[in-house]
Structure formats: C-alpha cells, structure tokens
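Commentary on secondary and tertiary structure
These are the residues of each chain, in order.
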Amino acid sequence: MPAKKATKPAVAAPDAEKDTVAYEVRGRIAWVKFNRPDKRNCMSPALNRQMMRVLDALEYRDDVGVLVLGGEGSAWSAGMDLKEYFRETEAAGLGAVRQSQRESYGWFRRLRWYQKPTIAMVNGWCFGGGYGPLFACDLAFAAEEAKFGLSEINWGILPGGGASKIAAELLSFRRAMYHAMTGEMIDGRTAAEWGLVNEAVPLAKLEARVAEVAAMLLEKNPVALKATKDAIRRVREMTYDNAEDYLVRAQEAANSFDNDGRKEGIRQFIDEKSYKPGLGAYDASKRSSG
Ligand code: COA
C-alpha cells in the first residue's frame, strides 16, 4: 500500500475559519473586524462561529474596556453569505439550516448583551443580515460614503435574521417600509439622519472619531455602563411602571457589584468639588478600591 501523502497545508488557507475575524487590542479598545474582504465580509457559517469565539475571548479581559466592530476592505458586511449560509446549508437539510441560524443569531444576541460597551464602525457596504450586528452594537458610527440596504427584496426574500425588526425599531414606520420594500440603498449621512447610526463622518476620519467616543466610554464606571446599556434595551418593551420598577432593581443589583463607585462620584462633586457630573466623569483613579 502506498504511503499516505500529508494533506495538511503548510500555511493556513486565506479563508481559514480562524482568519475570518481579525482583532487586536490597543489602548483598552478591542478592534474587531469582519475579515473576508474578497467576499465583502459576508457572513459565512465559519465567520459566525469564529466571531462567537472572538467575542468569548475578549468579553472579560481586564485590558478591554470597549469593543469596536469594523470591516476589512471596502465593506462592513454584505450580509449573510448567499452561497455558504443559504444555498449550501439548505442543501445539507433542515438541521444544517437551524444550526447556521443558531450560530449567527447566537453571536448577534451575545453582542446585544455584551459586558463591554460596543461600537459599530461602518466603513462601507452594510446589507441585510449585517443589520443584526449593527443593531447589536450599542452605538454606531458610519462613513458618509458607506451604503446601507435591505437588499433581501432584490433577491426574493423578506428581511430576516432580525432585519425587519431592526428596521421597525430604529426607523419611522414609513422609512422602514420604504427601505424594506424598495431595497433602495442609503448612504451614511442619510443613515444618520434616519437614526440607523449615531453619526456619519468622512471615511478618512471614521476611526479617529470612533476612538474619541471609545475614550469617553473608557472614563466611565464600567458597572454603571453595563447597567445603563441593558436598561436602555430592556425598557423599550416595558410599560412605564414596569420600567420604573426594573430600573430600581437593576441599580440595586449594580450596587452589589460596585457600591463605592457612585459614592465616590457624589463625594468628588459635593465634598471635594473637583468635577461637575453635568460636564464629565469623576476621576476613577482616586477611588480607594481602585
Ligand atoms: N454572499 C455571497 N457572496 C457575496 C456576498 C454575499 N452576500 N456579497 C459579496 N459576495 C461575493 C461576490 O459573489 C464576489 O465573489 P467572487 O469574487 O467569487 O465572484 C465577491 O464577494 C465580491 O463581490 P462583488 O459583487 O464583485 O463586489 P462589489 O464591490 O462589486 O459589490 C456588493 C459589492 C456588496 C454591492 C455586492 O457584492 C452585493 O450586492 N452583495 C450582496 C449583498 C446582499 O444582498 N446581501 C444580503 C444578504 S442577506
């Protein structure tokens, strides 16, 4: 019998699963990127699995205070991979379809409730399924040149993977309908005007603007930030009375993680008179507990 040839490549294939997401931590910011630029960063099952691993690896690192999600190359994300996510999993049967949905919806959900504040940095194309991670991020900044679209109608499906819900959440009824029914793209400026993103700036200034916002978040009390971002997402679906009650409980729960932070904030304002909460954050380095 002939000896078996080694089949393992010496170097990883360009689209190896682990390479579908790139990241580095600089200055307490985790810069995570969709990394399939040749495929306009569309989300394959491999990318969805790898993104969950990367989110896992970064979530509780002490040297990470903010996570930024960007895209390598000309796209942020061209949505779900029509070939690998739809055609190939469908060909493999219902079990494969459900698994691929769990993998993508799983990391979108994980990101919606992430421990650290998150910022979408939309550098280019953002289509369809890309609205899932866009909404999952707490804040979103776009290049004026970026293009957003619910393209599903153009290839014959409804905006799934949360996209219809996201359009209805973030846009006015008329805009959501128009956006979803026509598949017409909007640019970054219009996305900001419509409330799909916080702000649009020229592409050349996008990273600097995001770094500036991240720096603001890094100054805040991290326990208060997590409690705040969860509160804003949760209360949207509550009655006023339920929200009022939830917020009392959520603050009391946050106190059990960090009761000194808010006391220090009051002390520096009322006793020390070293800052004004209306104008900026207190100096966390003066805390006796850290
Ligand atoms: N699924 C699968 N493949 C995709 C893809 C997607 N969503 N988006 C891009 N690609 C692939 C293309 O098939 C092409 O592959 P190839 O090099 O093997 O031919 C490669 O990425 C580059 O795409 P291309 O269309 O040549 O780039 P472009 O810069 O001219 O156009 C887009 C960019 C985003 C406008 C265009 O690729 C597009 O319309 N993509 C689909 C967007 C979409 O409808 N997404 C919704 C999914 S829910």
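What you are looking at is a predicted structure, and each value in this text was computed from that prediction instead of being measured.

**Brief notes about the site of the ligand**
In the vicinity of the ligand, the contacting residues are Asp38, Lys39, Arg40, Cys42, Ala78, Met80, Asp81, Leu82, Trp125, Phe127, Gly129 and Ser151. Arg40 has a polar side-chain atom sitting 2.8 Å from an oxygen atom of the ligand. Side-chain polar atom of Ser151 to an oxygen atom of the ligand: 2.6 Å apart, as the coordinates give it. Considering the ligand on its own, with 860 Å² of exposed area, one finds that the protein chains cover 60% of that surface. Of the residues assigned to the shell around the ligand, the class counts are 6 nonpolar, 2 polar and 4 charged.

**With respect to helix α10 (residues 222-235)**
Helix length check: α10 (14 residues) gives 20 Å between terminal C-alpha atoms against 20 Å at 1.5 Å per residue, within 8%. Buried residues of α10: Leu225, Lys226, Ala227, Lys229, Asp230, Ala231 and Arg233, and no others. Where α10 is buried, its residues contact α3 (94-112), β5 (118-122), α4 (131-136), α9 (203-218) and α11 (240-257). Sitting at the amino-terminal end of α10 is Asn221, which places a side-chain oxygen 2.9 Å from the backbone nitrogen of Val223.

**A few points about the packing of helix α2 (residues 82-91) against α3**
If you want to describe how two helices pack, look at the angle between their axes and the distance between the axes. Following both chains from N to C, one finds α2 and α3 inclined at 150 degrees, their axes separated by 8 Å at the closest point. When the axes of α2 and α3 are compared, the pair comes out roughly antiparallel. The residues of α3 that touch α2, namely those facing Tyr85, Thr89 and Glu90, are Ala96, Val97, Ser100, Gln101, Ser104 and Tyr105. Counted by class, the contact of α2 with α3 contains 4 nonpolar, 4 polar and 1 charged residues.

**Remarks on the side chain of Ser77**
Its location among the elements puts Ser77 in strand β4 (residues 75-77). Assessed through its relative accessible area of 0%, Ser77 is described here as buried. If we ignore the near neighbours within four places in the chain, the residues touching Ser77 are Phe34, Arg40, Asn41, Cys42, Met43, Trp125, Cys126 and Phe127.

**Notes on the sheet that holds strand β7 (residues 139-143)**
Overall, mixed pairing links the 6 strands, which are arranged β1-β2-β3-β5-β7-β10 in an open sheet. Edge positions in the sheet fall to β1 (21-26) and β10 (199-201), since each of these pairs with one other strand and no more. Sheet twist, expressed as the average angle between the axes of neighbouring strands with direction ignored, equals 20 degrees. Sheet analysis places β5 next to β7, joined by 4 bridges and oriented parallel. The residue of β7 that forms the bridge with Ile119 is Leu139. Along the sheet, α9 makes contact with β1, β2 (29-34), β3 (66-71), β5, β7 and β10, crossing β7 at roughly 160 degrees.

**Remarks on the sheet that holds strand β8 (residues 147-149)**
Taken together, the 4 strands give an open sheet; going across it, the order is β4-β6-β8-β9, and neighbouring strands pair in mixed fashion. Two strands lie at the open edges of the sheet, namely β4 and β9 (186-187), each paired on one side alone. The sheet contact formed by strand β6 (residues 125-127) and β8 spans 2 bridges and is parallel. Opposite Cys126, over in β8, you have Phe148 as the bridge partner.

**Structural notes on the packing of aromatic side chains**
Under the counting rule described, the total for this entry stands at 8 aromatic pairs. Seen from their ring centres, Trp125 and Phe127 are 5.7 Å apart, and the 25 degrees between their planes marks the pair as stacked. Among the aromatic residues, those joined into a ring-pair cluster are Phe34, Trp76, Trp107 and Phe108. Seen from the ring of Phe135, Arg233 lies directly overhead, with NZ or CZ sitting 5.0 Å from the centre.

**Side note on the pairing of β5**
Counting buried positions along β5 gives 5 out of 5 residues, so the element sits mostly inside the fold. Judged by which residues are buried, β5 turns out to be covered on both faces: Thr118, Ala120 and Val122 on one side and Ile119 and Met121 on the other are all buried. Direction of pairing for β3 relative to β5: parallel, over a ladder of 3 bridges. If you follow Leu69 over to β5, its bridge partner there is Ala120.

About the thresholds
- Residues numbered from 1 in each chain as written.
- Predicted model: local features only at pLDDT ≥ 70, side-chain atom pairs only at ≥ 80, totals over all residues.
- Heavy atoms only, no water.
- Near = heavy atom within 4 Å.
- Polar contact = N/O pair within 3.5 Å; in protein donor to acceptor, adjacent residues only side chain to side chain.
- Areas by Shrake-Rupley, 256 points an atom, 1.4 Å probe, with all protein chains shown as cover.
- Nonpolar A, V, L, I, M, F, W, Y, C, P; charged D, E, K, R; others polar.
- Helix = DSSP H or I, 4+ residues; strand = E, 2+ residues; numbered from the N terminus.
- Expected span 1.5 Å × (residues − 1).
- Buried < 20%, exposed > 50% of the residue type's maximum accessible area, 1.4 Å probe, protein only.
- Contact = heavy atoms within 4.5 Å.
- Axes fitted to C-alpha atoms, helices over the stretch in contact; angles between N-to-C directions.
- Parallel < 35°, antiparallel > 145°, perpendicular 65-115°, else oblique.
- Pairing = 2+ DSSP bridges.
- Phe/Tyr/Trp six-rings, centres within 6.5 Å; stacked < 30°, edge-to-face > 60°.
- Lys NZ or Arg CZ within 6 Å of the ring centre and 35° of its normal.

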